[in-house]
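Chain by chain, the residues:
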Amino acid sequence: FFFFNDTATTEIYTEQIVGSVRCVQETENNLEKDQITIIAGRAKFLNNNTVECNGQQYQANHIIIAVGSVAEKLPIEGAELAMNSDGFFALEQQPKSVLIIGGGYIGVELSGVFNTMGTETYLSYRNADILHRFDKDCIHFLKQHMLNDGVRLLPSTVCTKITKQSNGLYRAEIEGHSEIKQLDVEVVLQAVGRVPDIDGLGLENTDVQVEKGRIISDENHFTSAKGIYALGDVTSPLQLTPTAIRAARILGETLFNLSLIHI
């Protein structure tokens, strides 16, 4: 849920959510019209051309891995007490205070949302700047607006421990800040990145090479195993929807329209 101060804005956002649900339903209907079978479940490789899902085995000459990514967890005591960006959308009440850990675009975006709603918002990040890989002028411009709007920025800091207090608040131990050593807030949200969602896929039963938790693929998105391909967050460090869409188009043209893209 999102929380707005006026009914009109709430109705607009609700309509957007309903529209998104309709879009998913339309996509499923279009897939069925194209005679594409949808199997809901977690698949696992048995070998290079066989996967198992819901107790049923399936074989194919071409298998594409496009399972996306999951939110990375903080390697600290009490990390399970902090929600991730998925949990944000499950909030039923607006918190009065929040600590967001992570200075990437997810953490920065959510800090802006919370702050705009009136939540006392802290943003802790280990680098000297938010969005440290982005354009420096844009970073400076955005930081000034965030500070002017009241977001409390905690640069070059790390959260080392999270505990739940008797009053229901969460206490975050902070290192690296000259004044703030701990914060008591209603919600701690970790936005420290996302990792490929490949645990349990059974890749050890295949010839697919994995390096640092990411599937290795070439420019046409072929993996090291014949007939297995990888798209999107599982292989690309650029975890962006347009990147995955482009990858899918490249692979499709390469496999089924060789006159356009040479293998």
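Presented here is a report on the structure given in the accompanying data block. (Residues numbered from 1 in each chain as written. Predicted model: local features only at pLDDT ≥ 70, side-chain atom pairs only at ≥ 80, totals over all residues. Heavy atoms only, no water.)

### Overview of unusual backbone geometry
Trans is the prevailing form of peptide bonds, just as negative phi is the prevailing case for residues other than glycine. To be explicit about the condition: Working definition: helices are DSSP H or I runs of at least four residues, strands are E runs of at least two. Numbering for both runs from the N terminus.
Its identity as a non-glycine residue notwithstanding, lysine 212 has a phi of 55°, on the positive side. Residue position: lysine 212 is located in the loop between strand S14 (210–211) and strand S15 (214–215).

### A few points about helix H4 (residues 136–149)
In plain terms, the rule: Helices are assigned an expected span. That span is 1.5 Å times one less than the residue count. For the purposes of these results, a polar contact is taken to be a pair of N or O atoms within 3.5 Å, where, inside protein, one atom must be able to donate a hydrogen and its partner to accept one; residues adjacent in sequence count only when each atom of the pair is a side-chain atom.
The end-to-end C-alpha distance of H4, which contains 14 residues, comes to 20 Å, matching closely the 20 Å that a straight helix rising 1.5 Å per residue would cover. Of the residues that open H4, the one with a side-chain oxygen 3.0 Å from the backbone nitrogen of aspartate 137 is aspartate 135. Positioned one or two residues after H4, glycine 150 has a phi angle of 105°, which is positive.

### Overview of the environment of isoleucine 100
To keep things clear, this is the line we draw: Contacts were defined at the residue level, with two residues in contact if any of their heavy atoms lie within 4.5 Å.
Summarising the element assignment, isoleucine 100 is placed in strand S6 (residues 97–101). Taking the C-alpha atoms as reference, isoleucine 100 lies 9.8 Å from phenylalanine 114; in sequence the two are 14 residues apart. Not counting chain neighbours up to four residues away, the residues in contact with isoleucine 100 comprise Gly107, Leu110, Ser111, Phe114, Thr121, Tyr122, Leu123, Ser124 and Leu189.

### Structural notes on the packing of aromatic side chains
How two aromatic rings sit relative to each other is given by the distance of their centres and the angle of their planes. Our working definition: Aromatic rings from Phe, Tyr and Trp, with only the six-membered ring used for Trp, were paired whenever their centres fell within 6.5 Å, and each pair was classed as stacked if the ring planes differed by under 30 degrees, edge-to-face if by over 60, and tilted otherwise. Relative accessibility thresholds used throughout: buried, under 20% of the residue-type maximum; exposed, over 50%; partly exposed, between the two (1.4 Å probe, protein chains only). Placement of a positive charge over a ring is assigned whenever Lys NZ or Arg CZ falls within 6 Å of the ring centre and within 35 degrees of the normal to the ring plane.
Throughout the structure, instances matching the rule amount to 3 aromatic pairs. When the centroid spacing of 5.1 Å and the interplanar angle of 80° are considered together, the rings of phenylalanine 88 and phenylalanine 89 count as edge-to-face. Judged by its relative accessible area of 2%, phenylalanine 88 is buried. Aromatic side chains phenylalanine 222 and tyrosine 229 sit 4.9 Å apart centroid to centroid with 80° between the ring planes, which places their arrangement in the edge-to-face category. These aromatic residues form a ring-pair network of at least three members: Phe88, Phe89 and Phe114. The ring of tyrosine 122 carries the charged tip of arginine 152 above its face, separated from the ring centre by 5.5 Å.

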